[in-house]
Amino acid sequence: MIAYLRTAIFALLLLAPLAVHAQPAQFDDKAKAEIERIIHDYLIENPEVLVKAFEELERRHDDAKLAQTRAALAEHAQALYSDPGDYVAGNPEGDVTIVEFFDYRCGYCKRSFVPLMDFVKKDGNVRLVLKEFPILGPASLEAAKAAMAARKQGRYMDMHAGLYAHKGDLDSAAIDAIAKKAGLDVKKMRKDMEDPAFADQVSRTYALAEALGIEGTPAFVAGGTVFPGMADEDRLEHMVASARGN
């Protein structure tokens, strides 16, 4: 009897959301009160039933969220992997693509930069798509536009590395100094930064991040999975191994 009751309660907890639209059973008030008392007493004596139920509901929620994310990644694959406004580093013909959403003023992005570039170089077969995602204020947007403008002078990665290596906040003077050190014509860079295409590029990235449920930086996408947060060598190896099906 106890085993049957345990199974029944567990099933009731898991299937409750499905029962909302079902035809309710007909019980008088006395029967309802007795059922409620039995369930209450059982759960008090066996709280692990609730723990198991919540774990199962959480697992189902996580599975549903993962399926939703994968569907969004597939739907927005073109924007994610092949936007011509994004800079592609590493091996353009690599068998695995990592997409990074980043902000130059993000501490975790800064800490991920060297491990990421070292890993891409060491692997030799990773295509790295860099998405400017300036979410930490106007200074972040200015830095992103400066990096995009540097691309017009063939100096994107020099500027990209310089912005990450900078200690302290990125104000206009700091950005200009980094650009000069990277070998850029600063005056041309400033003029190019006014190109409305750069603002459009950032807007597209904002929209894409929203569609994928990406809310912070850094965030990486590899093999149909979103990996939020900082990346070190071990995590990068896991991303690429998963993408390759190893």
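Above: the structure in question.
Described below are features of the structure shown in this document. Quantities reported herein were computed from a predicted structural model and do not represent experimental measurements. Sequence order as written defines the numbering, with residues in each chain counted from 1. Per-residue local features of the predicted model are confined to residues with pLDDT of at least 70, and side-chain atom pairs are confined, for both listing and counting, to 80 or more; whole-chain, interface and lining totals are unaffected and use all residues. As a convention, hydrogens and water are excluded, and side-chain values are obtained from all of the structure's heavy atoms.

## Considerations on the packing of aromatic side chains
- Any pair of Phe, Tyr and Trp rings, taking the six-membered ring for Trp, is counted once the centres come within 6.5 Å. Such a pair is stacked with planes under 30 degrees apart, edge-to-face with planes over 60 apart, and tilted for the rest. One pass over the full model with this rule turns up seven aromatic pairs.
- Relative to Tyr156, the ring of Tyr87 lies with its centre 4.5 Å away and its plane at 15 degrees, an arrangement referred to as stacked. A residue pair is termed long-range when its members are at least 10 positions apart, and Tyr87 in strand 1 (residues 87-90) and Tyr156 in helix 7 (residues 156-165) qualify at 69 residues.
- Exposure remark for Tyr156: the relative accessible area of 4% places this residue in the buried category.
- Note on Phe102 and Tyr164: the rings are 6.1 Å apart at their centroids and 50 degrees apart in plane angle, and the pair reads as tilted. Within this pair, whereas Phe102 is found in strand 2 (residues 96-102), its partner Tyr164 is found in helix 7, the two being separated by 62 residues in sequence.
- Whether a residue is buried, partly exposed or exposed follows from its accessible area with a 1.4 Å probe, protein chains only, as a fraction of its type maximum: under 20%, in between, or over 50%, in that order. According to the relative accessible area criterion, Phe102 is buried, its value standing at 1%.
- Taken together, the ring pairs in this structure connect Phe102, Tyr104, Phe113 and Tyr164 into an aromatic cluster. Strands here are runs of E lasting at least two residues and helices are runs of H or I lasting at least four, both read from the DSSP assignment and numbered beginning at the N terminus.

## Regarding the side chain of Asp103
- Here Asp103 shows up in the loop between strand 2 and helix 5 (107-123).
- His residues and chain termini do not enter the charge count, which takes Lys and Arg as positive and Asp and Glu as negative. For salt bridges, the criterion is a side-chain nitrogen of Lys or Arg within 4 Å of an Asp or Glu carboxyl oxygen. The side chain of Asp103 sits in the buried core without any salt bridge; Arg105 is the nearest counter-charge, 5.7 Å away.
- Within 3.5 Å is the distance limit for a polar contact, defined as a pair of N or O atoms, with the added protein rule that one can donate a hydrogen and the other accept it, and that residues adjacent in sequence qualify only through two side-chain atoms. Engagement of the side chain of Asp103 in a polar contact is seen with the backbone nitrogen of Arg105, the distance being 2.7 Å.
- Polar side-chain contacts of Asp103 include one of 2.8 Å to the side chain of Ser140.

## Regarding the sheet that holds strand 2
- DSSP bridges decide pairing: two strands pair if at least two such bridges lie between them. The five strands lie next to each other as 1-3-2-4-5, forming an open sheet whose pairing is mixed. Edge positions in the sheet fall to strand 1 and strand 5 (225-228), since each has one partner strand and no second. Strand-to-strand twist in this sheet, taken as the mean axis angle between neighbours without regard to direction, amounts to 25 degrees.
- With four bridges connecting them, strand 1 and strand 3 (residues 126-132) associate as antiparallel partners. Considered in strand 3, the bridge of Gly90 is made with Arg127.
- Sheet contacts for helix 10 (residues 196-212): strand 2 and strand 3; angle to strand 2, the most-contacted strand, approximately 110 degrees. All axes are obtained by fitting lines to C-alpha atoms, using only the stretch in contact for helices, and the reported angles, taken between N-to-C directions, cover 0 to 180 degrees. Contact between two residues is taken to exist if any of their heavy atoms lie within 4.5 Å; hydrogens are not considered.

Scope: geometric values only; no functional claims are made or implied.
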